Every structure is written in C-alpha cells, then in structure tokens.
Amino acid sequence: MNLAYSYPKSRFEPAVLIDLNARAERERLSKSALIGFFKLVAAWKLRDEDARELLGGLSSSTFYEWKKNPDRVLEVDRITRISYLLGIYKSLHILYGDKLADEWVTLPNKNPVFAGRTPLSTMVAGGMLAMQTVRKLLDARRGGL
C-alpha cells in the first residue's frame, strides 16, 4: 500500500526564480533597480554616505556616476541589497502611512533586533544580513505574526 503524501491542488503557481548569475537577467534588472534605489534614498532622506554603505560601500565618485547614469549592469550582491531595501520600503508603506513609512528607518526602535538603534544604523552596520532581517521582520508584521 502506497501512502505517499501529496499537496492538494490549488491555483497557486510559484513564480519562476530569477537566476541573478545570468548576465542577461542582471542587464534587464539593473537600471530599474538603481532608479528605484535612488527614489528610495530621496524618500527616506538618506545621507549619501549611508546610501553608499547600503550599496556595499561605494566610493562617492562611483555613487554619483551611478546616480547620473543608472544604465549599467550590477553585481548579484548589489541587486540583492536593492531588492531587500525595496521590499522594506514596500512593507513600510503597507503597514504605515506615507510619512511614518518614510521616517521609520531613521527612528530609534525598541525591537530587540535594533536594541534601541535606528533600523538604518542597524542595516549600515550589519550589511546584507541585517537588511534581510529587517525585511523578514516587516514581512512577518504584514502577515500578522
């Protein structure tokens, strides 16, 4: 007797995962990722130094060149960082009104994840793993966890 388990049928179709190692995918995504990132920087009123650190520590000349001309191919690391940040931005705007959503990253936070620091300082200090943690925290809040 075969007792294999199977999931019930549903209308859910998983999204096809993007292979960021494929240059063609990075070419397709990079320009819009950078444009979105610079809009996020403006909305959050970030200092250029913080924005450069969120991208993984860019020099100021490279940062301003990217800002002026976002038509380039980014590395996997930078696209991933931007993806986390845009997901954080989206979650904040779902959870809060626009004003608080855009100020949230610069406000001290008592959540144990931040230990009284701002989410921005946590992400700048902790890099991509901290961004992933903040994104998961906000996604959990959106889901009612």
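First things first, this report covers the structure right here in the doc.

Cut-off values and rules
- Residues numbered from 1 in each chain as written.
- Predicted model: local features only at pLDDT ≥ 70, side-chain atom pairs only at ≥ 80, totals over all residues.
- Heavy atoms only, no water.
- Core = buried A, V, L, I, M, F, W, Y, C linked by side-chain atoms within 4.5 Å.
- Buried < 20%, exposed > 50% of the residue type's maximum accessible area, 1.4 Å probe, protein only.
- Helix = DSSP H or I, 4+ residues; strand = E, 2+ residues; numbered from the N terminus.
- Contact = heavy atoms within 4.5 Å.
- Polar contact = N/O pair within 3.5 Å; in protein donor to acceptor, adjacent residues only side chain to side chain.
- Salt bridge = Lys/Arg side-chain N within 4 Å of Asp/Glu carboxyl O.
- Axes fitted to C-alpha atoms, helices over the stretch in contact; angles between N-to-C directions.
- Left-handed = near helix turned anticlockwise from the far one by under 90°.
- Nonpolar A, V, L, I, M, F, W, Y, C, P; charged D, E, K, R; others polar.

1. Here we look at the nonpolar core
Then comes step 1: Core analysis: the largest hydrophobic core is formed by 31 residues, its most contacted members being F37, W44, L85, I88, L92 and M123.
Then comes step 2: Among the elements of the structure, α1 (23-44), α2 (48-54), α3 (60-68), α4 (76-95) and α6 (119-142) are those that each provide at least two residues to this core.
Then comes step 3: The element contributing the most residues to this core is α1, with seven residues.
Then comes step 4: In contact with L85, not counting residues within four places along its chain, are F37, L40, W44, L54, M123 and M131.

2. What to know about the environment of S30
Then comes step 1: In this structure, S30 sits in helix α1.
Then comes step 2: A C-alpha to C-alpha distance of 5.6 Å links S30 and L74, two positions 44 residues apart in sequence.
Then comes step 3: A distance of 2.5 Å separates a polar side-chain atom of S30 from the backbone oxygen of R26.

3. Some details on the pattern of salt bridges
Between side chains of opposite charge, a pair can form when the charged atoms approach closely.
Then comes step 1: Here the structure, examined in full by the defined rule, presents eleven salt bridges.
Then comes step 2: Put simply, R23 and E27 hold a salt bridge, and the shortest N to O gap is 3.0 Å. With R23 and E27 both in helix α1 and four residues apart, this pair spans about one turn of that helix.
Then comes step 3: A salt bridge links E65 to K68; its shortest N-O distance comes to 3.8 Å. Placement of the pair is E65 and K68 together in helix α3, with a separation of three residues, close to one helical turn.
Then comes step 4: Relative accessible area serves as the criterion here: at 32%, E65 is assigned to the partly exposed category.

4. Regarding the packing of α4 against α6
Helix-helix packing is described using two parameters, namely the angle between the two axes and the distance between the axes.
Then comes step 1: The contact between α4 and α6 brings their axes to 9 Å, and the two run at 40°. Crossing of α4 over α6 shows left-handed handedness. Counting all contacts with α4, which are made through D77, T80, R81, S83, Y84, L85, G87, I88, S91, L92, I94 and L95, the residues of α6 involved are M123, G127, M128, M131, Q132, V134, R135, L138, D139, R141 and R142.
Then comes step 2: Residues that form the contact of α4 with α6 fall into these classes: eleven nonpolar, six polar and six charged.

5. A word on the side chain of D50
Then comes step 1: Relative to the elements of secondary structure, D50 occurs in helix α2.
Then comes step 2: Judged by relative accessible area, D50 falls into the buried class, the value being 13%.
Then comes step 3: Among all residues touching D50, those that are not within four sequence positions of it are L120 and V124.

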